[in-house]
Amino acid sequence: DAMVIQNPRYQVTQFGKPVTLSCSQTLNHNVMYWYQQKSSQAPKLLFHYYDKDFNNEADTPDNFQSRRPNTSFCFLDIRSPGLGDAAMYLCATSRRGGRESDTQYFGPGTRLTVL
Amino acid sequence: LAKTTQPISMDSYEGQEVNITCSHNNIATNDYITWYQQFPSQGPRFIIQGYKTKVTNEVASLFIPADRKSSTLSLPRVSLSDTAVYYCLVGIDMDSNYQLIWGAGTKLIIKP
C-alpha cells in the first residue's frame, strides 16, 4: 500500500543533543511537509518542499532544519533541542501543493521527548 | 482576529447526526475547504473536501454556503469510533499573503 512512513515512532533525546527524524513516502508526491503538533493544539507547519524547492514558514526557529535528498525521503533536523521542542512531529505529502488546498496524506508521527 | 474558528468541543450520542461548523471569512478565492479527522497518537486523516454547495462521500457531507465564509461538516449516524478531533483547513488571503490555516480543532465525544 502506498503510504507515508515515519521513523522512529518515539524518539528520546537530551537537551541540546541534535536529533534527526525521518520520513519516507511511496506515493511519489511532489510536496512534503513537516508539522509540529503539541498537546491539544492543531498541527503547526514548520516548512515544506515543493519538489526540491524549500519553503520555510516565517516563524519556524532556526533550530529546525530540513533536507530532502530525493523525492521519497525528507528529514527534520533539530540542532539543539530544548524542552519546548517536545512534541509530535508529523510528516505529510501532497500531489500538488501551491495555492489550492491539496489533500495531505500524513504519516503516524514521531513523538519527541527531550530530557 | 482569528483566521478560522470552530467549536472547541462537542458531545453527541451514537446514532445521531453531528454538524461541526468552521468559519473562514478570508478564504482565498480559488481555494478548497478540507476537513481532517485525528485520533490520539495518529496523524490527521482526510475526510472530505469541497469548493462550494454540497459534497458527499461515504463517511460525511460538507455544506458550503454561497459566500464560502463558513463550512459545515456533517457526520451521519455517528458511532463511538467517531470520537476524535476534527480540523478544517483552508487557504487564507491576508494582505496579499496566502497561508494554509488549520482550525484549532473540535474535539468530538460520542457517548453510548
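Data block above holds the structure.
Notes on the structure in this doc start here. (Residues numbered from 1 in each chain as written. Chains lettered and ligands numbered in written order. Predicted model: local features only at pLDDT ≥ 70, side-chain atom pairs only at ≥ 80, totals over all residues. Heavy atoms only, no water.)

1. A look at the overall build of chain B
Per the secondary structure count, chain B includes zero helices and 10 strands. What you see for chain B is a C-alpha radius of gyration of 14 Å, in line with the 13 Å of a compact globule of 112 residues. Principal-axis analysis of the C-alpha atoms gives chain B an extent of 45 × 30 × 20 Å. By sequence separation, contacts in chain B at least 24 residues apart represent 56% of the contacts at least 6 residues apart. Summing over all exposed atoms, chain B offers an accessible surface of approximately 5700 Å²; the carbon and sulfur share of this is 51%. Averaging the coordinates of the 9 positive side-chain charges in chain B and doing the same for the 9 negative ones gives two points 1 Å apart. (Helix = DSSP H or I, 4+ residues; strand = E, 2+ residues; numbered from the N terminus. Rg over C-alpha atoms; globule rule 2.2 N^0.38 Å. Contact = heavy atoms within 4.5 Å. Areas by Shrake-Rupley, 256 points an atom, 1.4 Å probe, with all protein chains shown as cover. Lys, Arg positive; Asp, Glu negative; His and termini not counted. Charge placed at Lys NZ, Arg CZ, Asp CG, Glu CD.)

2. Thoughts on the pattern of salt bridges
Under the counting rule described, the total for this entry stands at four salt bridges over all chains. As a salt-bridge pair, A:D102 and A:R96 come within 3.8 Å of each other at their nearest N and O atoms. Exposure remark for A:D102: the relative accessible area of 8% places this residue in the buried category. Since its relative accessible area comes to 38%, A:R96 is described here as partly exposed. Close ionic contact of B:D11 with B:K111 constitutes a salt bridge, the shortest N to O distance being 3.3 Å. Here B:K111 lies in strand β10 (residues 106–111) and B:D11 lies in strand β1 (residues 9–13), a separation of 100 residues in the sequence. (Salt bridge = Lys/Arg side-chain N within 4 Å of Asp/Glu carboxyl O. Buried < 20%, exposed > 50% of the residue type's maximum accessible area, 1.4 Å probe, protein only.)

3. Section: the pairing of strand β5 (residues 44–50) of chain A
Residue and element names in this part refer to chain A. Extensive coverage of β5 is indicated by the burial of five of its seven residues. Examined bridge by bridge, strand β4 (residues 31–37) and β5 share six bridges and lie antiparallel to one another. Of the residues in β5, the one forming a bridge with Q36 is K44. Examined bridge by bridge, β5 and strand β6 (residues 53–56) share four bridges and lie antiparallel to one another. Its bridge partner being in β6, Y50 is matched across the sheet by D53. (Pairing = 2+ DSSP bridges.)

4. Considerations on the state of the cysteines
What the rule picks out here adds up to two disulfides over all chains. Linked covalently through their sulfurs, A:C23 and A:C91 form a disulfide whose S-S length is 1.9 Å. Disulfide A:C23-A:C91: the torsion about the S-S bond is -75°, which places it as left-handed. You can see A:C23 sitting in strand β3 (residues 19–25) and its partner A:C91 sitting in strand β9 (residues 87–94), a full 68 residues away along the chain. In this structure A:C23 comes out as buried when scored by relative accessible area, which is 1%. Owing to a relative accessible area of 0%, A:C91 belongs among the buried residues under this scheme. Each sulfur in the disulfide pair B:C22 and B:C88 lies 2.0 Å from the other. Across the disulfide from B:C22 to B:C88, rotation about the S-S bond amounts to roughly 50°, and the bridge is consequently right-handed. Of this pair, B:C22 sits in strand β2 (residues 18–23) while B:C88 is found in strand β8 (residues 84–94), placing the two residues 66 residues apart along the sequence. No difference in accessibility class separates B:C22 from B:C88, as the two residues are buried. (Disulfide = S-S within 2.5 Å.)

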